[in-house]
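This is what each chain is made of:
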Amino acid sequence: MDGSKGSGDWDQQFDVIVIGSGAGGMTAALCAKGEGLSAVVLEKESVYGGTTAVSGGGIWIPCNDDIAKNGGSDSYAEALGYVKLLTEGEVPVPRIEAYLQNAPEMVRHLARKFGVVFRGVKLYPDYYPNKPGGKDGYRSMEPVEFNAALLGTEFDRLRPAFAGTQVMGRMAMNQVEAHVLFTKGKGWIGIVLKMMLRYWLDLGWRLKTKRDRRLTLGQALVAHLRHALLKQDVPVWLESGMEGLIEDNGRVAGVLVKQAGKTLRLRAKRGVVLASGGFENNQQMREQYLPKPTQANWTGAPRINNGDGIRAGLALGAKLGFMDLVWGSPTVHVPGASSQTTLFVERCAPGCVIVNKKGKRFVNEAAAYPDVVTAMYRDDAQGNGCVPAWFVFDANFRKKYPAGLFLPSQIQPDSALPKDWLDKVYFRADSLEALAAKIGVDAAGLKETTRKIGEYAKAGKDPEFGKGDTSIDRYYSDPTVGPNSCLGPVDTGPFYAIALYPGEIGTKGGLWCDERARVLREDGSVITGLYAIGNCSAAVMGKTYAGAGSTLGPAMTFGYIAARDLAAAGATA
């Protein structure tokens, strides 16, 4: 994508133009308006919300105001030490500091000025709680629930949630409820009954749509921000794709936009904020930058992000960073779904193993999802046949826990699944040997692996990979199982297997930015008037994932930072 040079006539003018309608982009536009600037959000799709709308909607905010309320403690020094340790010197310290210093204030600002409110999730641990500075809870936050009716007709244009993030594919649940339901914690049956009653008794709403009026997770976050934009009269233009950036006298002065078949020239008097996501749907860019093998159809993200913002910045000489990294998560193929389904929580449960073609484990199944994908590529590179890997479990697991493709068999038995899925989408056999033959895995290796996992379950300790050693491993485990709630035997037929692919919830690489979210050139100079946030910028987390919300937390925080910097900047001539 070539940058277009020259000013010329403008079709319309704004102080700030934001590309992309996810949480980061909408936060930038909202905060810019709060600073007295005019702003517009441009979205190439016919629905708004981007990847945020199908996400968990969490934000990772160390030192947030709810930590003390929930009985925890935190400090800036602990958080800084933790992130610096995890990023291993690959992320400039001023950028990490800008995130940690501004994140709590961003949350306060959104609540105080715009009514966009978050609450702390007390029990959700950091992804590396045993590392210095890591915490066993408190830092992740989620948006409070939102009544969809408040959006009016704009609700129809909100990107729908993925069915897997809702009870029975329809009923909304928040982070706390999801944890209770999966672990069958105290009161879980009552929660389900309350959800069902509330949903089905909302008769007026049921006549309008199958979608839940009660919005949670990413749906709630996007709805809160869109509602605030409506109240602030900040427009969101749908089906308005960026075709290029307009450069004038060495600075970004505007944007070329394709709308209803016509190309418009929009002036950005203060600057442009790129919040257009990563490149997970762009096969050419995947092959150019990501580890091999790689396929766009393995992604767990909506098939919408093609690297538009990254390529627009690159055309102006921007530096790139972390282009070989993704927010990795193992995914499974569900026929008919627009994206693959991510295995976030199932891997923590007892009674399952993840194996390579040799039938051997190669990772802690309950590890942070990026670590599982990293391990898949590492093991595959060693010739062990790990793309795909196989998620193997027994009849006890099948009965009690979901597994990406389906709900527990006590709710959704095999007989309720499409008949043509068997031995194509999922595999089932009465013995481990027969299952191994079906999926092309070494039978002796698989039997030995399951024998070992049975011994580990009895002892309560996984000496190979440490499954269940940390609070994050145990967060979605089964507290009724002991001595280790993550470990259980795989010994009761029939046995099942599902292919796992090295997917992601987004790519991490993008435009290299400073602590003010300004895009930098290869020589370190600033491309004046150009900012990048979210997955089109090089991740402040580098190759790691500090805790739940490490994508959206930085995206929104740097959107807030960018808005303030734009307010302080002068307008173009």
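Residues numbered from 1 in each chain as written. Predicted model: local features only at pLDDT ≥ 70, side-chain atom pairs only at ≥ 80, totals over all residues. Heavy atoms only, no water.

1. A few points about the environment of Arg 428
Reasoning step 1: Positionally, Arg 428 belongs in strand 18 (residues 427–429).
Reasoning step 2: In this structure the C-alpha to C-alpha distance between Arg 428 and Ser 55, which are 373 residues apart in sequence, comes to 31 Å.
Reasoning step 3: When sequence neighbours within four positions are dropped, the list of residues in contact with Arg 428 reads Asp 414, Leu 422, Asp 423, Leu 435, Lys 438, Pro 494, Phe 495 and Tyr 496. (Helix = DSSP H or I, 4+ residues; strand = E, 2+ residues; numbered from the N terminus. Contact = heavy atoms within 4.5 Å.)

2. Structural notes on the environment of Leu 151
Reasoning step 1: The residue Leu 151 is located in the loop between strand 7 (146–147) and helix 5 (175–183) in this model.
Reasoning step 2: Residue class for Leu 151 comes out buried when judged on its relative accessible area of 4%.
Reasoning step 3: For Leu 151, the contacting residues outside a window of four places in its chain are Tyr 48, Phe 146, Ala 223, Arg 226, His 227 and Leu 230. (Buried < 20%, exposed > 50% of the residue type's maximum accessible area, 1.4 Å probe, protein only.)

3. Details of the packing of helix 5 against helix 6 (residues 188–200)
Reasoning step 1: Between helix 5 and helix 6, whose axes approach to 9 Å, the crossing angle comes to 125°. One element, helix 5, and the other, helix 6, form an angle in the oblique class. The way helix 5 lies across helix 6 gives a crossing that is left-handed. In this structure, helix 5 uses Glu 177, Val 180 and Leu 181 to contact helix 6, whose residues at the interface are Trp 188, Ile 191, Val 192 and Met 195.
Reasoning step 2: Its residues assigned to classes, the contact of helix 5 with helix 6 shows six nonpolar, no polar and one charged. (Axes fitted to C-alpha atoms, helices over the stretch in contact; angles between N-to-C directions. Parallel < 35°, antiparallel > 145°, perpendicular 65-115°, else oblique. Left-handed = near helix turned anticlockwise from the far one by under 90°. Nonpolar A, V, L, I, M, F, W, Y, C, P; charged D, E, K, R; others polar.)

4. What to know about the packing of aromatic side chains
Reasoning step 1: All chains considered together, the criterion is met by 24 aromatic pairs.
Reasoning step 2: Between Tyr 127 and Tyr 545, the aromatic rings sit 5.1 Å apart at their centres with planes inclined by 55°, giving tilted as the arrangement. With Tyr 127 in the loop between strand 5 (118–120) and strand 6 (140–143) and Tyr 545 in the loop between strand 22 (526–532) and helix 16 (552–568), this residue pair connects regions lying 418 residues apart in the sequence. Across this residue pair, the class does not change: Tyr 127 and Tyr 545 are buried.
Reasoning step 3: Taking 4.9 Å as the distance between ring centres and 40° as the angle between the ring planes, the aromatic pair formed by Phe 393 and Phe 397 counts as tilted.
Reasoning step 4: Given a relative accessible area of 0%, Phe 393 falls into the buried group.
Reasoning step 5: Residue Phe 397 is classed as buried on the basis of its relative accessible area, which comes to 1%. (Phe/Tyr/Trp six-rings, centres within 6.5 Å; stacked < 30°, edge-to-face > 60°.)

5. Describing the confidence of the model for the protein
Reasoning step 1: With 98% of its residues at a pLDDT of 70 or more, the protein has an overall mean of 94.
Reasoning step 2: Scored below 50 in pLDDT, residues 1–5 makes 18 contacts in the model with residues more than four places away or belonging to other chains. (pLDDT = per-residue confidence, 0-100.)

6. Describing helix 4 (residues 93–114)
Reasoning step 1: Over its 22 residues, helix 4 extends 30 Å from the first C-alpha to the last, a length consistent with the 32 Å expected when each residue adds 1.5 Å.
Reasoning step 2: Approximately 35° is the largest bend angle found in helix 4, and it occurs at Asn 102, with the proline Pro 104 only one to four residues beyond.
Reasoning step 3: Following helix 4 by one or two positions, Gly 115 has its phi on the positive side, about 75°. (Expected span 1.5 Å × (residues − 1). Bend = angle between axes of the 7 residues up to and from the residue.)

7. What to know about empty space enclosed by the protein
Reasoning step 1: All told, the structure shown has three cavities of 30 Å³ or more when counted by the stated rule.
Reasoning step 2: Taken as a whole, the largest cavity holds about 100 Å³ of empty space.
Reasoning step 3: What lines the largest cavity is a set of 15 residues, and nearest its centre among them are Gly 534, Ser 537, Ala 539, Val 540 and Pro 554.
Reasoning step 4: Tallying contributions element by element places helix 16 first for the lining of the largest cavity, with three residues.
Reasoning step 5: Class assignment of the residues belonging to the lining of the largest cavity gives a composition of nine nonpolar, five polar and one charged. (1 Å grid on protein atoms, 1.4 Å probe; cavity = no way out; pocket = protein on both sides within 12 Å on 5 of 7 lines; lining within 4 Å. Points joined across faces, edges and corners; volume = space filled by probe spheres on them.)

8. So, unusual backbone geometry
Across residues other than glycine, the phi torsion is negative in most instances, and most of the peptide bonds are trans.
Reasoning step 1: That bond from Lys 292 to Pro 293 is cis: its omega, -5°, falls within 30 degrees of zero.
Reasoning step 2: For the bond running from Gly 482 to Pro 483, omega is 0°, close enough to zero to count as cis.
Reasoning step 3: Structurally, Pro 483 can be placed in the loop between helix 15 (471–474) and strand 19 (495–507).
Reasoning step 4: Positive phi values are uncommon outside glycine, yet Tyr 138 reaches one of about 85°.
Reasoning step 5: Looking at the element boundaries, Tyr 138 is found in the loop between strand 5 and strand 6.
Reasoning step 6: You will see that Ala 260, though not glycine, has its phi angle at about 50°, which is positive.
Reasoning step 7: Topologically, Ala 260 is positioned in the loop between strand 11 (251–259) and strand 12 (262–274).

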